[in-house]
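# Report on the structure
The chain contents come next:
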Amino acid sequence: MSRIEEASAQLGGWRDRFEGLHILMFSSPDVDGTAKRLTAAGVGHGGVNTVGRPVETPNGVRTEPVRYLEIDGAPEGRVGVVADVDPEFQRTRHLDHPNGAQPRRGGAVRT
């Protein structure tokens with residue numbers, strides 16, 4: 001949990017410097033396999049972590065496990081991989097975000 005708390009504490013400073021993308025998480029059906037491939041390629045990361053978030057379901061509040069890893073060395077934010085969400089919890093997702101973040105609709109990478 002300390003990695004999340006550390007990044008959250010830094011987020012305000014990052015936002016004060018400039019607008020833009022500060023957290024980028026890729027989805028993976030196999031986050032453990034992704035961790036192994038990153039390690040084999042020499043990419044540093046904090047290992048696979050599991051946290052939980054409360055989710056309202058028709059049967060009451062349940063805890064959704066969230067499994068993720070963060071890639072080391074992102075100077076202005078967080079970059080990582082998150083395990084695909086359990087379909088049971090996916091329908092509980094809100095389409096808006098508390099801080100006003102919008103989904104990315106496209107992009108280009110130049111090399």
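First, a word on scope: everything that follows refers to the structure included in this document. Source: prediction; values computed, not measured.

## Overview of the pattern of salt bridges
- Under the defined criterion, the tally for this structure stands at 3 salt bridges.
- Salt-bridge contacts for D32 lead to R67; the nearest nitrogen and oxygen are separated by 3.0 Å. Of this pair, D32 sits in helix α2 (residues 31–40) while R67 sits in strand β3 (residues 60–70), placing them 35 residues apart in sequence.
- When its relative accessible area of 29% is taken as the criterion, R67 is described as partly exposed.

## Quick notes on α2
- For α2, the full list of buried residues reads V31, G33, T34, A35 and L38.
- Lining the buried residues of α2 we find β1 (23–28), β3 and β4 (78–83).
- One or two residues past the end of α2 sits G42, with phi positive at roughly 80 degrees.

## Quick word on the sheet that holds strand β2 (residues 49–57)
- Across the sheet, which stays open at both edges, the 4 strands sit in the order β1-β4-β3-β2 with mixed pairing between neighbours. In this open sheet, the two strands that pair with only one neighbour each are β1 and β2. Here the strands of the sheet are splayed against their neighbours by 35 degrees on average, with no regard to which way each runs.
- Where β3 and β4 come together, 3 bridges link them in antiparallel fashion. Its bridge partner being in β4, E70 is matched across the sheet by G80.

Scoring rules and cut-offs
Residues numbered from 1 in each chain as written. Predicted model: local features only at pLDDT ≥ 70, side-chain atom pairs only at ≥ 80, totals over all residues. Heavy atoms only, no water. Salt bridge = Lys/Arg side-chain N within 4 Å of Asp/Glu carboxyl O. Helix = DSSP H or I, 4+ residues; strand = E, 2+ residues; numbered from the N terminus. Buried < 20%, exposed > 50% of the residue type's maximum accessible area, 1.4 Å probe, protein only. Contact = heavy atoms within 4.5 Å. Pairing = 2+ DSSP bridges. Axes fitted to C-alpha atoms, helices over the stretch in contact; angles between N-to-C directions.

These results come straight from atomic positions and should not be treated as a statement about function.
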